[in-house]
Amino acid sequence: MQNKKRLHRHLLLIYIIYFAALIVGFAASFVPDFSRGWRDAQDTLEIEIPQGGIRSYYVSAPVVRKAAEPVVIEGLPASIEPTISRIDLRVQVAYTLGNAFKVMGNNVYCYLLMVITGLSYLTILVLIALIINSLRKSIRDEQPLRHSNILRTRAIGILILVAELSEALMKYISNTEAARLLEGTSFEVVGTFPLSYWNVIVGILFLFMAEVLSLGTQLSEEQKLTI
């Protein structure tokens, strides 16, 4: 009984830390990025479109510099040698209804992949919160592990793989567009598929964890029937 109370307190603490981390991450990362994106959108609507129907799209890619001359930054001491490993480009093109959503990589699929990635990560956060809360209630009520948690764990693994693949495809499209724009310059885009294999491993581990939980539940039910 004492062990169950201690485990319940641990899960409650994890639940609190989880939401605290979400709040801090939201305030430190999402809010500044959203504010910057909103300002860019306002600049596009108020400045670019009235001036002959111009819009901007953005590309970002890892690069290497082919030129032998060092990068010069005014005011930087001579003892410091800067390098450029990534470049961000803002490209102005004619605005049409057909390219209104081509804000990333000048490709409408980038916008779709960005939405898929964002929704996948949002769903993962909700599922993790539901699993922690369900485990806490199961321990408090002295109930066995609910089968819905197995399905949620399996869904998290699938969503991690979907989100990583969507993000990798979005970056690949952006890299391809950056390579086209930088052709003939002293910069060369690193031509690799930007897949994070660590995230792939984490997704596979969640799928494996779901199978382990499923097997444990089946063995527990068979033991009860045997008794």
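Residues numbered from 1 in each chain as written. Predicted model: local features only at pLDDT ≥ 70, side-chain atom pairs only at ≥ 80, totals over all residues. Heavy atoms only, no water.

1. A few points about the overall build of the protein chain
Going by this rule: A helix here means a DSSP run of H or I that spans at least four residues, while a strand means a run of E at least two residues long, and both kinds are numbered starting from the N terminus. Type-normalised accessible area, obtained with a 1.4 Å probe on protein chains alone, sets the label of each residue: buried when under 20%, exposed when over 50%, and partly exposed for intermediate values. Between two residues, a contact is recorded if the distance between any of their heavy atoms is within 4.5 Å. To be clear on the numbers: accessible area is Shrake-Rupley with a 1.4 Å probe, and residue cover counts the displayed protein chains and nothing else.
Secondary structure summary: the protein chain contains four helices and three strands in total. Along its sequence from the N terminus, the protein chain presents helices and strands in the succession α-β-β-α-α-β-α. Every one of the 227 residues in the protein chain was classed for burial, and the buried ones make up 25%. Expressed as a percentage of contacts within the protein chain between residues at least 6 apart in sequence, the contacts between residues at least 24 apart total 81%. Carbon and sulfur atoms form 66% of the exposed surface of the protein chain, whose accessible area is close to 15,200 Å².

2. Some thoughts on the sheet that holds strand β3 (residues 187–189)
Whether parallel or antiparallel, the strands of a sheet pair through hydrogen bonds between backbone atoms. What counts is decided by this rule: Pairs of strands are assigned from DSSP output, requiring at least two bridges between the strands. Every axis corresponds to a line fitted to the C-alpha atoms, with the helix fit spanning only the stretch in contact, and the corresponding angles, defined between N-to-C directions, vary from 0 to 180 degrees.
In space, the three strands of this open sheet follow the order β2-β1-β3, with antiparallel pairing throughout. Because the sheet does not close on itself, it has two edges, and the strands there are β2 (86–94) and β3. Averaged over all adjacent pairs, the angle separating strand axes in this sheet is 55 degrees, with direction ignored. Across the sheet, helix α3 (residues 147–181) is in contact with β1 (54–65), β2 and β3; its angle to β1 comes to roughly 85 degrees.

3. Points about the packing of aromatic side chains
Put simply, the rule reads: By convention, a stacked pair of Phe, Tyr or Trp rings (six-membered ring in the case of Trp) has centres within 6.5 Å and planes under 30 degrees apart, an edge-to-face pair has planes over 60 apart, and any other such pair is tilted.
Per the stated rule, a full pass over the model turns up one aromatic pair. Consider the rings of Y172 and F193, whose centres lie 5.7 Å apart with planes at 50 degrees: the pair is tilted. Remark: F193 occurs in the loop between β3 and α4 (197–226) and Y172 occurs in helix α3; sequence separation between them is 21 residues. Taking relative accessible area as the criterion, Y172 reaches 41% and is therefore assigned partly exposed.

4. Considering the pairing of β1
Where β1 and β2 come together, nine bridges link them in antiparallel fashion. Across the sheet, Y58 pairs through a bridge with R90, a residue of β2. When β1 meets β3, the two strands line up antiparallel, connected through three bridges. Within β3, the position partnered with R65 by the bridge is F187.

5. Things to note about the environment of A129
Relative to the helices and strands, A129 resides in helix α2 (residues 108–140). You can call A129 buried: its relative accessible area is 11%. For the pair A129 and I14, spaced 115 residues apart in sequence, the C-alpha to C-alpha distance is 10.0 Å.

6. A short note on the pattern of salt bridges
What counts, and what does not: Put simply, a salt bridge is a Lys or Arg side-chain nitrogen that is within 4 Å of an Asp or Glu carboxyl oxygen.
What the rule picks out here adds up to three salt bridges. Between E211 and R154 there is a salt bridge, and its shortest N-O distance comes to 3.0 Å. Linking E211 in helix α4 with R154 in helix α3, this pair joins segments that are 57 residues apart in sequence. Overall, the relative accessible area of 44% leaves E211 in the partly exposed class. Since its relative accessible area comes to 24%, R154 is described here as partly exposed. A salt bridge links E177 to R180; the shortest N-O distance between them is 2.6 Å. Of this pair, E177 and R180 both sit in helix α3, separated by three residues, roughly a single helical turn.

7. Details of the environment of L122
Topologically, L122 is positioned in helix α2. Under the relative-accessibility criterion, L122 is labelled exposed at 51%. L122 sits 37 residues away from L159 along the chain, and the two C-alpha atoms are 9.9 Å apart.

8. Some details on the packing of α2 against α3
Rule in force here: Between 65 and 115 degrees an angle is taken as roughly perpendicular, under 35 as roughly parallel, over 145 as roughly antiparallel, and anywhere else as oblique. For a crossing to be left-handed, the near helix must be turned anticlockwise from the far one by less than a right angle; the clockwise case is right-handed. Gly falls in the polar group here, along with every residue not listed as nonpolar (Ala, Val, Leu, Ile, Met, Phe, Trp, Tyr, Cys, Pro) or charged (Asp, Glu, Lys, Arg).
Running from N to C, α2 and α3 point in directions that differ by 155 degrees, and their axes come no closer than 8 Å. Compared by their axis directions, α2 and α3 come out roughly antiparallel. Viewed along their axes, α2 and α3 form a crossing whose handedness is left-handed. The residue makeup of the contact of α2 with α3, split by class, is 21 nonpolar, seven polar and three charged.

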